[in-house]
Amino acid sequence: MPSYKVMNLGVPETTTADLLASLPDIKQQVAHADVIMIMVGTNDVLTGNYEFIDTLKKICVQLSHDFPTAEVLVSSLFPMVLPELSDSTITNLNSHIEASAMQTGCCYLDTHHRFSNADHPVFLEDGINITESAYEVWARALLEHIAFLIEND
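Let us look at the structure shown here. (Residues numbered from 1 in each chain as written. Predicted model: local features only at pLDDT ≥ 70, side-chain atom pairs only at ≥ 80, totals over all residues. Heavy atoms only, no water.)

### Here's the deal with the pattern of salt bridges
We apply this condition: Note on definitions: salt bridges are taken to be side-chain nitrogens of Lys or Arg within 4 Å of carboxyl oxygens of Asp or Glu. Numbering of helices and strands runs from the N terminus, with a helix taken as a DSSP run of H or I at least four residues long and a strand as a DSSP run of E at least two residues long. The classification of residues rests on relative accessible area computed with a 1.4 Å probe and restricted to protein chains. Under 20% of the type maximum is buried, over 50% is exposed, and intermediate values are partly exposed.
Counted according to the given criterion, the structure contains one salt bridge. For glutamate 144, the salt bridge identified is with arginine 114, shortest N-O distance 2.4 Å. Taken together, the residues glutamate 144 in helix H6 (residues 132-151) and arginine 114 in helix H5 (residues 111-116) connect sequence positions 30 residues apart. On the accessibility criterion, glutamate 144 (40% relative accessible area) is partly exposed. On the basis of relative accessible area, arginine 114 is assigned to the partly exposed category, the value being 31%.

### Structural notes on the sheet that holds strand S1 (residues 35-38)
Applicable threshold: Here, any two strands with at least 2 DSSP bridges between them count as paired. Each axis is a line fitted through C-alpha atoms, taken for helices only over the stretch in contact, and angles between the N-to-C directions span 0 to 180 degrees. Here, two residues are considered to be in contact whenever any of their heavy atoms come within 4.5 Å of each other.
Strand order in the open sheet formed by three strands is S1-S2-S3, and the pairing between neighbours is parallel. Of all the strands in the sheet, the pair left with one neighbour each is S1 and strand S3 (107-109). Ignoring which end each strand starts from, the neighbouring axes of this sheet average 25° apart. Pairing of strand S2 (residues 71-75) with S3 involves three bridges; the strand directions are parallel. Within S3, the residue paired with serine 75 across the bridge is leucine 109. Against the sheet, helix H3 (residues 53-66) makes contact with S1 and S2, and its axis sits at roughly 170° relative to S1, the strand it touches most. Where helix H4 (residues 87-103) meets the sheet, it contacts S2 and S3, and its direction lies at approximately 155° from that of S3.

See the structure below:
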């Protein structure tokens, strides 16, 4: 996203509990934000924690408090293909993520739908990490959402 100053504070293998614990450090590192993108939950699912929604809600509330002028975007989980997950697990979790985002005044970014309907490979062989072309789809979805937010300000 060359037209924006982007800080990627993502840490591999982070769970929602890890992100919640790191919020005080993030607040010290970042003085101001216009848009905050939250993409978390995949590692919770991979460790069998399907009860992470309450923690995600706490993250949304804290970020909204720490950055009151920022738009907080919460991304859906990607449609991971793992043998231990039923077809409906990610869809159900995304419904809860969307509801949590709305309850906390945040925006929900439905990337699941875009990836489910993609006409090219989305995931690498592990079924979790996304391909370079999928990153482009994700970035486009994010930019479209940011443009919508800016237009409506």
